Amino acid sequence: MSFESSQSIRPWAKAMKNSILKGSMPPWHADEPSSAHLARVRALDPKDKATLLSWLEKGAPADQPFNLKPPASPTTWQLGKPDVILKIPAAQIPASGTLQYTFLVSKLNLTADQWISAAEWKIDQRQVVHHINSFVRPPGSSYVKQAPLDQLYVATREERAARRTDEREIDRRELLLGYEPGYVPQTWGEGRAKLIRAGSDMVFEIHYTANGKSAVDSSELGLYFAKTKPIERVLTISPADSNLAIPPGEPNYQSHVTATMLDDAKLVSLQPHMHLRGKAYRIDLDQTTVLNVPSYDFNWQTTYFLKQPIPLKKGAVLSCTAWFDNSPNNRFNPDPTKTITWGDQSWEEMNVGFMEIAIPATRDPDIVKLSGTTRPAGGR
Ligand code: HEM
């Protein structure tokens, strides 16, 4: 559909009105109170909403005809020319079938520690790229240790889960940046950066998904080096509930995970993650709600950035509560008759609360205790 001119809008007036009233458009799933402290909010403000609805109700009359040019699709890097571009080798995606996670381990050849002020995905075939996570794998890490270098590789669940018993998560792998539908390129903010230690590799965890037509995907990740030493180091924490067991037909299954701060930090961004049975999600800081997503939509995996990072005091607890609807009333539910557990595929489930926190750049990064079960293999 085209929203470019007064004429092209008219046939869509009713659908537009309905989607606005239903709250499905514009696609923004955080409620009003939490949106007040979030950046890049896509919701309509109440005044604009009223103006638009009253015009649509009249059938979108063209009293003042207009013609707009659609914005060009981004073909270049949104954050400027990266310092390094990591290319994922061309992957053949079949037209049908269930695809397991593919891995790529790329040598970075960094001889000194490198601060990264931003990273950006350039996704080639978005219809078949379900998600990609890029992890920094520090030297000596046990993470997918047996994977060959610089070639696409399907690792088994056992290979992915293998780890040394005494290994700290931060010494095993650190999430640099994820891509999923709804992704918008952005930096971590002035004075903030992620650290890639000398000798680290980049591990790409890629989920291609068959979409009815075979495709060849060649996606890329651009890295931007920090020009000056950052004041704060950004880390991604991701408490996850791998013990999910959602009964058949259950309309309101609840799962809960926490992250406890062992030292002061700041909260920078939040990204609730569930699959097709995801119904609602809430992240609380101690007793206060930071993010409330009352109608979760699997198709919009939004990263919610705070306008101003929120201070997290030593001992503060971030709680992530997920609700799932495994009943036939959930129109996205692929099968309401099964007990659903944790799994990679969209017809299995996840509860992961991805959150980015910032700490003073020189501090030991191992400052969070995640509740519940051990972090399951795999990212999203
Ligand atoms: C007031 C603003 C907007 C209105 C009135 C509007 C209206 C609509 C309508 C009528 C549809 C068709 C829904 C259907 O199938 O019944 C639609 C679909 C869609 N819109 Fe919007 N839209 C708005 C803003 C946006 C924005 C800001 C984005 C992207 C950031 C977006 C992305 C999409 C996408 C991807 C679809 C197709 C997939 C889907 O249904 O989720 N829209 N929109």
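Residues numbered from 1 in each chain as written. Predicted model: local features only at pLDDT ≥ 70, side-chain atom pairs only at ≥ 80, totals over all residues. Heavy atoms only, no water.

**Some words on the packing of aromatic side chains**
Note the following rule: In summary, the pairing rule links any two rings of Phe, Tyr or Trp, Trp by its six-membered ring, whose centres are within 6.5 Å, and it sorts them by plane angle into stacked for under 30 degrees, edge-to-face for over 60 and tilted for everything else. Partly exposed residues are those whose accessible area sits between 20% and 50% of the maximum for their type, while under 20% is buried and over 50% is exposed, using a 1.4 Å probe and protein chains only. Cation placement over rings: the criterion is NZ of Lys or CZ of Arg within 6 Å of the ring centroid and within 35° of the ring normal.
Within the structure shown, the criterion is met by five aromatic pairs. Each ring, one from Y179 and one from Y183, has its centre 5.7 Å from the other, and the planes form 70 degrees; the classification is edge-to-face. For Y179, a relative accessible area of 5% puts it in the buried group. Note on Y183: relative accessible area 18%, which makes it buried. Residue placement shows R173 over the ring face of Y143; its charged tip is 4.8 Å from the ring centre.

**Points about the domain arrangement of the protein chain**
For the record, the criterion: In this document the domain limits rely on a domain assignment from an automatic tool or a database. Any pair of residues with heavy atoms lying within 4.5 Å of one another is described as a contacting pair. The buried area of a pairing is the accessible area, by a 1.4 Å probe, that goes missing from both parts when the two are put together, added over both. Within this document, salt bridges are pairs made up of a side-chain nitrogen of Lys or Arg and a carboxyl oxygen of Asp or Glu, the two lying within 4 Å of each other. Think of a polar contact as two N or O atoms within 3.5 Å of one another; within protein, one of them needs to be a possible hydrogen donor and the other a possible acceptor, and neighboring residues in sequence only count if both atoms come from side chains.
One can read the domain layout of the protein chain as domain 1 (6–57), domain 2 (84–230) and domain 3 (236–370). Using C-alpha coordinates to define each centre, domain 1 is positioned 26 Å away from domain 3. Taken together, the contacts link eleven residues of domain 1 with 13 residues of domain 3. Together domain 1 and domain 3 conceal approximately 1,100 Å² of surface at their shared face, both sides included; 59% is due to carbon and sulfur atoms. When the buried surface of domain 1 facing domain 3 is broken down by residue, H29, H37 and L38 rank first, second and third, together holding 49% of it. In this assembly, domain 1 and domain 3 are joined by zero salt bridges. Linking domain 1 with domain 3 are six residue pairs in polar contact (both at pLDDT 80 or more), by the criterion used here.

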